[in-house]
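Here are the chains, one letter per residue:
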Amino acid sequence: MIKVNAIGDACPIPVVKTKNAIKELGGAGVVEVLVDNEIAVQNLGKMAKQKGYEFKSEKLGAAEYQVTLTVGDSAEAQNVEDIPEVCAVVPGHKKNVVVAINSAKMGVGHDELGGVLIKGFIFALTQMDELPSAILFYNGGATLTTEGSASLDDLKNLEAQGVEILTCGTCLNYYGLGDKLRVGEVTNMYSIVEKLTGADLVVKP
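As the structure is a prediction and not an experimental result, all values here were calculated from the model.

Undergrad: An account of the overall build of the chain is requested, with residue identities and associated values reported.
TA: Helix and strand counts for the chain come out as six helices and nine strands. In the chain, buried positions account for 37% of the 205 residues. Put simply, of all contacts in the chain between residues at least 6 apart along the chain, 67% involve residues at least 24 apart. Taken as a whole, the chain presents about 11,800 Å² of accessible surface, with 53% of it coming from carbon and sulfur.

Undergrad: Hey, could you go over the packing of aromatic side chains for me, with residue numbers and the actual values?
TA: Under the definition given, this model contains one aromatic pair. A centroid spacing of 5.4 Å and a plane angle of 85° characterise the contact between Tyr 174 and Tyr 175, whose relative ring orientation is edge-to-face. Residue Tyr 174 is classed as exposed on the basis of its relative accessible area, which comes to 71%. Residue class for Tyr 175 comes out partly exposed when judged on its relative accessible area of 36%.

Undergrad: Before we move on, can you summarise unusual backbone geometry with the specific residues and values?
TA: Most of the time, phi is negative for any residue but glycine, and the peptide bond is trans. Unlike most non-glycine residues, Asn 139 shows phi in positive territory, near 50°. In this structure Asn 139 comes out as partly exposed when scored by relative accessible area, which is 44%.

Undergrad: So what's going on with the sheet that holds strand 3 (residues 54–61)? Residues and values would help.
TA: Strand order in the open sheet made by the four strands is 1-2-4-3, with mixed pairing throughout. Only two strands of the sheet have a single partner each, and these edge strands are strand 1 (2–5) and strand 3. Ignoring which end each strand starts from, the neighbouring axes of this sheet average 15° apart. Where strand 3 lies against strand 4 (residues 64–71), seven bridges are found, and the strand directions are antiparallel. Counterpart to Glu 54 in the pairing with strand 4 is Thr 70. This element, helix 1 (residues 13–25), spans strand 1, strand 2 (29–35) and strand 4 of the sheet and lies at about 160° to strand 2. Helix 2 (residues 38–51) rests against strand 2, strand 3 and strand 4 of the sheet, and its axis sits at about 5° to strand 4.

What counts and how
Counting of residues starts from 1 at the beginning of each chain's written sequence and follows it residue by residue. The predicted nature of this model means local features are confined to residues of pLDDT at least 70 and side-chain atom pairs, given and counted, to a pLDDT of 80 or more, with totals for whole chains, interfaces and linings taken over all residues. Side-chain figures throughout are based on the complete set of non-hydrogen atoms in the structure, without hydrogens or water. By definition, any uninterrupted DSSP run of H or I lasting at least four residues is a helix, any uninterrupted run of E lasting at least two residues is a strand, and each is numbered from the N terminus. Summary of the burial criterion: residues with accessible area below 20% of their type's maximum are buried, those above 50% are exposed, and those between are partly exposed, where the area comes from a 1.4 Å probe applied to protein chains only. Here a residue-residue contact requires only that any non-hydrogen atoms of the pair lie within 4.5 Å. What sets the accessible areas is the Shrake-Rupley method with a 1.4 Å probe; for residues, cover comes only from the shown protein chains. Ring geometry is summarised as follows: Phe, Tyr and Trp rings, the Trp one being its six-membered ring, pair when their centres sit within 6.5 Å, and such pairs are stacked at plane angles under 30 degrees, edge-to-face over 60 and tilted between the two. Two strands pair under a simple rule: DSSP has to find at least two bridges between them. Between N-to-C directions, angles cover 0 to 180 degrees, with each direction set by a line fitted to C-alpha atoms, over the stretch in contact for helices.

The structure is reproduced here in structure tokens:
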């Protein structure tokens, strides 16, 4: 059994820690996770259902929950029938996924929350088994690749793994950030259009 303490961790950290613990098992076994909110419990439950793990949860206190995931030997095995999308992909072809970020915030509502969400989104990208081929930053999103951005370490991590980090030069100049770029390269609208139209999938948080 591997025990994971995710008390106080914001989304998506509890799921990331749990996935890493499952990898450490190297096969069948049990992972026990402590979290402090019901949303984290639900997120872990969704992951367990998706992967075929046995899932149990128990409320230990006002803000303490214990989640137990039991991983079987064949829990990770999947058939082509389980993934219909496979039929549309050429064998050996890696899907070209491009992420387009046009704001320093994610979603509409509270700006501070939006900032937390976009930071969590970029961190979550670093934990994906299949990384995007490129991340495009334009308009307000251009500030995320510049000096002072809370996401620089995660973006540098992605760049080191081969992900193209491209920021609109016109946008950098508009915001007075032309000399503040700290990760990736400057790009132009023509190249942005090429990346978007050439992608198999475009993700816009």
